[in-house]
Amino acid sequence: MGQVAIIGWGSLVWDLDDLAPHVSGSWRMEEGPMLPLEFTRISPKRKNGLAVCIDETFGTPCPTHIIASARADCTEAILDLAKRERTEPQNIGALCRRTGIRKAVSARIMGTIDAWAKSKGWSCAVWTDIGSNFEAELGEPFSVPRGLAYLGSLTGESRREAIRYIAQAPSATDTPLRRALAEEPWWREEASRFNP
């Protein structure tokens, strides 16, 4: 293939935002690598709702999705994704076998993505590499009950955005927190307004 694969699993899939002019084709659902995901990041961008991220401690292996970058250069694809994510380029993971770029928070995740890219014929891949901050923000490690309690404590615009974000995440992002939410009557009622 030779192109740069952009790997997504959360809002990027349903809202390309600033990235839209810099992609080619459409999303290839569940064709990305299996990565450990969970809603363990308190996201200022999402009004302090819980965003899904790679989490090697609490994440569950989930299929991810890919879309081709319109860029031939991995560095340009990194900058495009950083702009969309409202973050610094150092928070974007990248693998490029053509140039030797290899940057990821986790060697294990890099290994998973490298093996996937080789098997699928991608020479480069980029992804959002911002991990969990649940414990750093709240002073206690993530657990499903704590995640439920945190979401239940949100009010107003923060609550609406948190519910919208999780409700619209791809169904393949099937994590323990999301399954637990599906059992909560308050969640089913509020999330039904946002289901695509």
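Just so it is clear, the model here is predicted, and its values are computed rather than measured.

Caption draft 1: Local environment of the state of the cysteines. This structure, assessed with the given rule, holds one disulfide. Paired by a disulfide, Cys96 and Cys124 hold their sulfur atoms 2.5 Å apart. Residue Cys96 is located in strand S7 (residues 92–96), and its partner Cys124 is located in strand S9 (residues 124–128); the two are separated by 28 residues in the primary sequence. In this pair, the class of Cys96 matches that of Cys124, namely buried. Of all cysteine sulfurs, the one in Cys62 lies closest to Cys53, which takes part in no disulfide; the gap is 11 Å. Cysteine Cys74 shares no disulfide, and the gap to the nearest cysteine sulfur, in Cys124, comes to 4.7 Å. Under the relative-accessibility criterion, Cys74 is labelled buried at 3%.

Caption draft 2: Summary view of the packing of aromatic side chains. All chains considered together, the criterion is met by five aromatic pairs. Considering the side-chain rings of Phe58 and Phe142, the 5.6 Å spacing of their centres and the 65° angle between planes classify their relative orientation as edge-to-face. Residue Phe58 is found in the loop between strand S4 (49–54) and strand S5 (60–62), and its partner Phe142 is found in the loop between helix H4 (134–138) and helix H5 (144–153); the two are separated by 84 residues along the sequence. On the basis of relative accessibility, which here comes to 33%, the residue Phe58 falls in the partly exposed class. On the basis of relative accessibility, which here comes to 6%, the residue Phe142 falls in the buried class.

Caption draft 3: Unusual backbone geometry, seen in detail. The phi torsion at Asp17 lies on the positive side, around 55°, for a residue other than glycine. Considering the arrangement of structural elements, one finds Asp17 in the loop between helix H1 (11–14) and strand S2 (23–28). Taking relative accessible area as the criterion, Asp17 reaches 31% and is therefore assigned partly exposed. Positioned with a positive phi, Asn48 is a non-glycine residue whose angle comes to about 70°. For Asn48, the position within the fold is in the loop between strand S3 (35–43) and S4.

Cut-offs and rules
Starting from 1, residues in each chain are numbered consecutively following that chain's sequence as written. In keeping with the predicted nature of the model, local features appear solely for residues at pLDDT of at least 70, side-chain atom pairs appear and are counted solely at 80 or more, and the whole-chain, interface and lining totals rest on all residues. Side-chain metrics rest on all non-hydrogen atoms present in the structure, leaving aside hydrogens and water. When two cysteine sulfur atoms lie within 2.5 Å, the pair is treated as a disulfide. Starting at the N terminus, helices and strands are each numbered in turn, a helix being any DSSP run of H or I of at least four residues and a strand any DSSP run of E of at least two. A 1.4 Å probe rolled over the protein chains alone gives each residue an accessible area, and that area as a share of the maximum for its type sets the label: buried under 20%, exposed over 50%, partly exposed in between. In this analysis, rings of Phe, Tyr and Trp, with Trp reduced to its six-membered ring, are considered paired at centre separations within 6.5 Å, and the interplanar angle assigns stacked below 30 degrees, edge-to-face beyond 60, and tilted for intermediate values.

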